[in-house]
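Structural characterization, general
Given next are the chains, with one letter for each unit.
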Amino acid sequence: MSNDQQPDARPEPGGIVEPAGEVSTAAVVAPTRRAGSRVLARLLTVAYALVVTPIATGLLAYGGSRWVQYVMANWSTISLGDFLSTPAAAPIVLGLVVGLLLLLSVVATGFASAAGLLAVGAMSLVSIVLAAVPPLLFEVYGALPSMDLVAVADGFVFGLPLILHVLIGGLGLALALARRRPEPHLALSMAGIPLVPIALLAGMALALAGLARGSGTAIMTLQPTLDPLATILVVVGSLLTALAAAATGWSPYSLVIPALLLVAVSLTLLSPDGYGLLAPLWSTRTGSTAVRFLTVGGGFAVALVMLFHVVVLSAVRMRARRRLRVAAD
């Protein structure tokens, strides 16, 4: 045999000989390990979202419900300084702040995987059904043993889980889209800046209108009847909200305008003068439901979820672009 002839096999550590031309074991194991990591991330984010989201929404509803009671009793002399000095302030602030932080932690799971946010979207079916079928909501209230739990259940009437869970589910779709197509077409991105806010706010308005006609009216009149129009409004509004949120995968910064608008309106409700400006809305069922949603902290919660999602989406798109460049090389 010539000394220039190449060997058919190369020695490996430990005396194992690996035939030339075959794929290295390390090359097989590495992708498998990465795939396993993705599956684990999905499982963990889904488990975390399914456990933490109901707790976060319940705390928001509890604090918000107590805050609405305080506002109704002191609406002409609302003062944050006076409020914070009352015994009622601690549970209200604690519920709102902790609930909001937990909700943002669910949004933060999007850094690892969109699966948790998509699971929250699936969870929103419960809120959609309760909003569209008031007799079922009455069954929920009838099964509650304490007033504290009633305050938590008030979140369904105020629209907190209906809007927040549907929105987060749509944002999960946006993250899934961004991971696959991190470079959206410029025309789509620009068109989304005016269109997404319009569609998003319209979807929320339709969902709240259906909530007002259905569960809201049923609670006020103590007559849990089924209103077909309310059901249609809730379903169409929820679908439009989810689709508009998903479209942010192509237009990542389109959430900034509606978020800032919600913050401005919510801040307006913290003063007697500002509350008076929105007084005409109380004359309509939809308007009063929207004001209650904002008053319980729904506006702040939705706005902060949107703004934090912009940060998460930007990081996900950057990481996806880097991955595509490595694959191209």
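Model, not experiment: these values are computed from the prediction.

As a further point, take the overall build of the protein. Looking only at helices and strands, the protein has 13 helices and two strands in total. Taking all 329 residues of the protein together, 44% fall into the buried category. Counting only carbon and sulfur atoms, one obtains 72% of the accessible surface of the protein, whose full area is about 16,500 Å².

Attention shifts here to the packing of helix 4 (residues 115-132) against helix 9 (residues 228-246). At a minimum axis distance of 8 Å, the contact between helix 4 and helix 9 shows a crossing angle of 155°. Viewed along their axes, helix 4 and helix 9 adopt a mutual orientation that is roughly antiparallel. Once helix 4 is placed against helix 9, the crossing between them reads as right-handed. Contact residues: helix 4 offers Ile 128, Ala 131 and Ala 132, while helix 9 offers Thr 231, Val 234, Val 235 and Ser 238. When its residues are assigned to classes, the contact of helix 4 with helix 9 shows five nonpolar, two polar and no charged.

Looking at the protein as a whole, the pLDDT averages 82, with 82% of positions reaching at least 70. Predicted confidence for residues 1-33 stays below pLDDT 50, and this span has 15 contacts to residues more than four positions away or in other chains.

Bringing a nonpolar patch on the surface into the picture now. A cluster of nonpolar side chains, namely Leu 84, Val 93, Val 97 and Leu 101, defines an oily patch on the protein surface of about 350 Å² accessible area. Per-element accounting of the nonpolar patch gives the leading share, three residues, to helix 3 (residues 89-108). Mapped onto the elements, Val 93 comes out in helix 3. By relative accessible area, Val 93 is classed as partly exposed at 35%.

A separate point is helix 8 (residues 186-221). Along an α-helix, residues three or four apart share an orientation, since each turn contains 3.6 residues. The first and last C-alpha atoms of helix 8 sit 51 Å apart over 36 residues, in line with the 52 Å expected at 1.5 Å per residue. Along its length, helix 8 reaches its greatest deviation from straightness, about 45°, at Gly 192, and the proline Pro 194 lies no more than four positions downstream. One or two positions beyond helix 8, positive phi appears at Leu 222, with a value near 55°.

Once that is clear, we can look at the pattern of salt bridges. Counted under the stated rule, the structure contains two salt bridges. Ionic pairing is found between Asp 148 and Arg 66, a salt bridge with its closest N-O pair at 2.9 Å. Placement of Asp 148 in helix 6 (residues 147-158) and of Arg 66 in helix 1 (residues 25-74) is noted, with a sequence separation of 82 residues between them. On the basis of relative accessible area, Asp 148 is assigned to the partly exposed category, the value being 40%. Here Asp 227 ties to Arg 213 by a salt bridge, and the two come within 2.9 Å at their closest N and O atoms. Here the residue Asp 227 occupies a position in the loop between helix 8 and helix 9, and Arg 213 occupies one in helix 8, the gap between them amounting to 14 residues.

Here the focus is the nonpolar core. In this structure, Leu 167, Leu 200, Val 302, Val 305 and Met 306 are the most contacted members of the largest nonpolar core, which totals 54 residues. Looking at this core, the element that brings in the most residues is helix 7 (residues 160-180), giving 11 residues. Beyond its immediate stretch of four places on either side in the chain, Val 302 contacts Ile 163, Leu 164, Leu 167, Met 204, Leu 262 and Phe 293. Ranked by size, the runner-up nonpolar core spans six residues in total, among them Tyr 70, Val 71, Phe 83 and Ala 89.

So, about the packing of aromatic side chains. On inspection of all chains with the given rule, the structure shows two aromatic pairs. Centre to centre, the rings of Trp 67 and Tyr 70 are 5.6 Å apart; their planes meet at 20°, and the pair counts as stacked. Remark: Tyr 70 and Trp 67 occur in helix 1; sequence separation between them is three residues, near one turn of the helix. Judged by its relative accessible area of 8%, Trp 67 falls in the buried class. Tyr 70 gets classed as buried once you look at its relative accessible area, which sits at 15%.

Looking at where Thr 53 falls in the secondary structure, it is placed in helix 1. A polar side-chain atom of Thr 53 sits 2.7 Å from the main-chain carbonyl oxygen of Ala 49. Setting aside residues up to four positions removed in sequence, Thr 53 forms contacts with Tyr 48, Val 106, Val 120, Met 123 and His 165.

Moving on, we get to a positive patch on the surface. Side chains of Arg 38, Arg 42, Arg 180, Arg 319, Arg 322, Arg 323 and Arg 325 sit close together on the surface and give a patch of like positive charge. When contributions to the positive patch are tallied by element, the ones reaching two or more residues are helix 1 and helix 13 (298-328). The element that contributes the greatest number of residues to the positive patch is helix 13, accounting for four residues. Structurally, Arg 325 is set in helix 13.

Thresholds, definitions, all that
Throughout this description, residue numbers start from 1 for each chain and increase along the sequence as written. In view of the model being predicted, local features appear only for residues whose pLDDT reaches at least 70, and side-chain atom pairs are presented and counted only at 80 or more, with totals across whole chains, interfaces and linings using the full set of residues. To get the side-chain values, all heavy atoms of the structure are used, and hydrogens and water are removed first. The helix and strand labels rest on DSSP assignments: H or I over at least four residues marks a helix, E over at least two residues marks a strand, and numbering proceeds from the N terminus. The cut-offs for exposure are 20% and 50% of the maximum accessible area for each residue type, with area from a 1.4 Å probe on protein chains only; residues under the lower value are buried, those over the upper are exposed, and the others partly exposed. The Shrake-Rupley method, run with a 1.4 Å probe, gives the accessible areas here. Residue values count only the displayed protein chains as cover. Angles here are taken between N-to-C directions and fall from 0 to 180 degrees, while the axes themselves are lines fitted to C-alpha atoms, restricted in helices to the stretch in contact. Here is the rule for angles: anything less than 35 degrees is roughly parallel, anything more than 145 is roughly antiparallel, 65 through 115 is roughly perpendicular, and the remaining ranges are oblique. The crossing is said to be left-handed when, going from far helix to near helix, the turn is anticlockwise and less than a right angle, and right-handed when the turn is clockwise. Between two residues, a contact is recorded if the distance between any of their heavy atoms is within 4.5 Å. Throughout, the ten residues Ala, Val, Leu, Ile, Met, Phe, Trp, Tyr, Cys and Pro are labelled nonpolar, Asp, Glu, Lys and Arg are labelled charged, and all others, Gly among them, are labelled polar. Along the chain, pLDDT gives the predictor's confidence residue by residue, from 0 to 100. Residues enter patches when they are more than 30% accessible in relative terms and free of salt bridges; like-charged ones are connected within 9 Å and nonpolar ones (Val, Leu, Ile, Met, Phe, Trp, Tyr) within 5 Å. Throughout this description, the term salt bridge denotes a Lys or Arg side-chain nitrogen within 4 Å of a carboxyl oxygen of Asp or Glu. Here a helix's expected span is defined as the number of its residues, less one, multiplied by 1.5 Å. What we call the bend at a residue is the angle made by axes fitted to the seven residues finishing there and the seven residues starting there. What makes a nonpolar core is a set of buried Ala, Val, Leu, Ile, Met, Phe, Trp, Tyr and Cys residues whose side-chain atoms join them at distances within 4.5 Å. When the centres of two rings from Phe, Tyr and Trp lie within 6.5 Å, Trp using its six-membered ring, the rings pair. Their planes under 30 degrees apart give stacked, over 60 give edge-to-face, and anything left gives tilted. Nitrogen and oxygen atoms within 3.5 Å of one another constitute a polar contact, given that in protein one can donate a hydrogen and the other can accept it, and given that sequence-neighbouring residues count only through two side-chain atoms. A positive count includes Lys and Arg, and a negative count includes Asp and Glu. His and the chain ends are not counted in either. In plain terms, the charge of a residue is placed at NZ if it is Lys, CZ if Arg, CG if Asp and CD if Glu.

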